[in-house]
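# Summary of structural features
Chain residues, written in single-letter form:
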Amino acid sequence: MDKADFWFDPICPFAWITSRWILEVKKVRDVEVEFHQMSLAYLNEDKDISEDYREKLGDAWGPARVVRAAIELKGDEIALPLYTAMGTRIHHDKRGPERDVIAEALAELDLPADLMDAWDDSSRDDAIKKSHHAGMDQVGDEVGTPTIAVNGSAFFGPVMTAIPRGEDAGRMWDGAVLLAANPDFCELKRSRSRDLDFS
């Protein structure tokens, strides 16, 4: 069985698309997937980024902290269902990472409403950073989200603008497995030319 470890930030639309791809892969390939946290706010805190992007990242800690609080309460297995509940609202429904959106995601999963108290509580940030480094440190400096480890070989991506379905998803996975198995493979990239499609 192949293994994928997937690092996500709930606010990242590219991680959302790639996460839905890896769930499609599970339907057509024998693969075990584990979801882990990373933080775009932490990743970019000392980087030279636009003020517009930095402002968007100001909303990133809240949802990440709520996810961490849920993991502390329910274990790692809550990461995927909570990410799915959050991401459906944030990305698919285009509602953004607002407090009420995250509270709705908790309610959908019958999680305690007081997990929202974690939103402004920085005491979990070290645990988020530890999970972040477990993924990002495997890849190097030029990373972001999504980050995925395929059978223990981690890389940034794949970044997609739409979600491959069925056997298309499986064939893309086959390619990722092939590339990840080569220790000399480093990078494959082209410019994005299409709008994001969450359908």
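Preceding block: the structure.
Report on the accompanying structure. Please read these numbers as outputs of a predicted model, since none were measured by experiment.

A surface patch of like charges, here negative, comprises Glu51, Glu55, Asp59 and Glu98. Among the secondary structure elements, Glu51 is positioned in helix α3 (residues 51-57). Look at Glu51 and you get exposed, because its relative accessible area is 61%.

Before going further, it helps to spend a moment on the pattern of salt bridges. Two side chains that carry opposite charge are able to pair once their charged atoms sit near each other. Per the counting criterion, the structure on display carries 15 salt bridges. Between Lys27 and Glu24 there is a salt bridge; the shortest N-O distance is 2.8 Å. Taken together, the residues Lys27 and Glu24, both in helix α1 (residues 13-28) and three residues apart, mark about one turn of the helix. For Lys27, a relative accessible area of 64% translates into the label exposed.

It is worth spelling out the sheet that holds strand β2 (residues 31-37) at this point. As summarised here, the arrangement of the four strands in space is β2-β1-β3-β4, forming an open sheet in which the pairing is mixed. Of all strands in the sheet, those with a lone pairing partner are β2 and β4 (153-156), marking the two edges. Pairs of neighbouring strands in the sheet enclose a mean axial angle of 20°, with direction left out of account. As paired elements, strand β1 (residues 2-8) and strand β3 (residues 147-150) share four bridges and run antiparallel to each other. By the bridge assignment for β3, Trp7 is matched with Thr147.

With 14 residues, helix α5 (residues 79-92) should cover 20 Å at 1.5 Å per step; its first-to-last C-alpha distance of 18 Å lies within 8% of that length. Residue Met86 marks the point of greatest curvature in α5, where the axis turns by about 25°. All of the buried residues in α5 are Ala79, Leu82, Tyr83, Ala85, Met86, Gly87, Arg89, Ile90 and His91. Where α5 is buried, its residues touch β1, α1, β2, α4 (61-74) and α6 (99-108). Downstream of α5 by a residue or two, Lys94 has a phi angle that is positive, lying close to 55°.

This next bit is on the packing of α4 against helix α7 (residues 125-139). Contact geometry for α4 and α7: axes closest at 10 Å, N-to-C directions at 90°. Our classification of the angle between α4 and α7 gives roughly perpendicular. The segment α4 lies against α7, with Trp61, Ala64, Arg65 and Arg68 engaging Asp125, Ala127, Ile128, Lys129 and Ser131. Partitioned by chemical class, the residues of the contact of α4 with α7 number four nonpolar, one polar and four charged.

So, on to the environment of Ser199. Take Ser199: it is sitting in the segment after α8 (166-180). Judged by relative accessible area, Ser199 falls into the exposed class, the value being 55%. Along the sequence, Ser199 and Thr88 sit 111 residues apart, while their C-alpha atoms lie 10 Å from each other. Every residue in contact with Ser199, bar those within four places of it in the chain, is listed here: His92, Ile163 and Arg165. Here Asp197 takes part through its side chain, which lies 2.6 Å from a polar atom of the side chain of Ser199.

The rules we used
Residues numbered from 1 in each chain as written. Predicted model: local features only at pLDDT ≥ 70, side-chain atom pairs only at ≥ 80, totals over all residues. Heavy atoms only, no water. Patch = residues over 30% accessible without salt bridge, like charges linked within 9 Å, V, L, I, M, F, W, Y side chains within 5 Å. Areas by Shrake-Rupley, 256 points an atom, 1.4 Å probe, with all protein chains shown as cover. Salt bridge = Lys/Arg side-chain N within 4 Å of Asp/Glu carboxyl O. Lys, Arg positive; Asp, Glu negative; His and termini not counted. Charge placed at Lys NZ, Arg CZ, Asp CG, Glu CD. Helix = DSSP H or I, 4+ residues; strand = E, 2+ residues; numbered from the N terminus. Buried < 20%, exposed > 50% of the residue type's maximum accessible area, 1.4 Å probe, protein only. Pairing = 2+ DSSP bridges. Axes fitted to C-alpha atoms, helices over the stretch in contact; angles between N-to-C directions. Expected span 1.5 Å × (residues − 1). Bend = angle between axes of the 7 residues up to and from the residue. Contact = heavy atoms within 4.5 Å. Parallel < 35°, antiparallel > 145°, perpendicular 65-115°, else oblique. Nonpolar A, V, L, I, M, F, W, Y, C, P; charged D, E, K, R; others polar. Polar contact = N/O pair within 3.5 Å; in protein donor to acceptor, adjacent residues only side chain to side chain.

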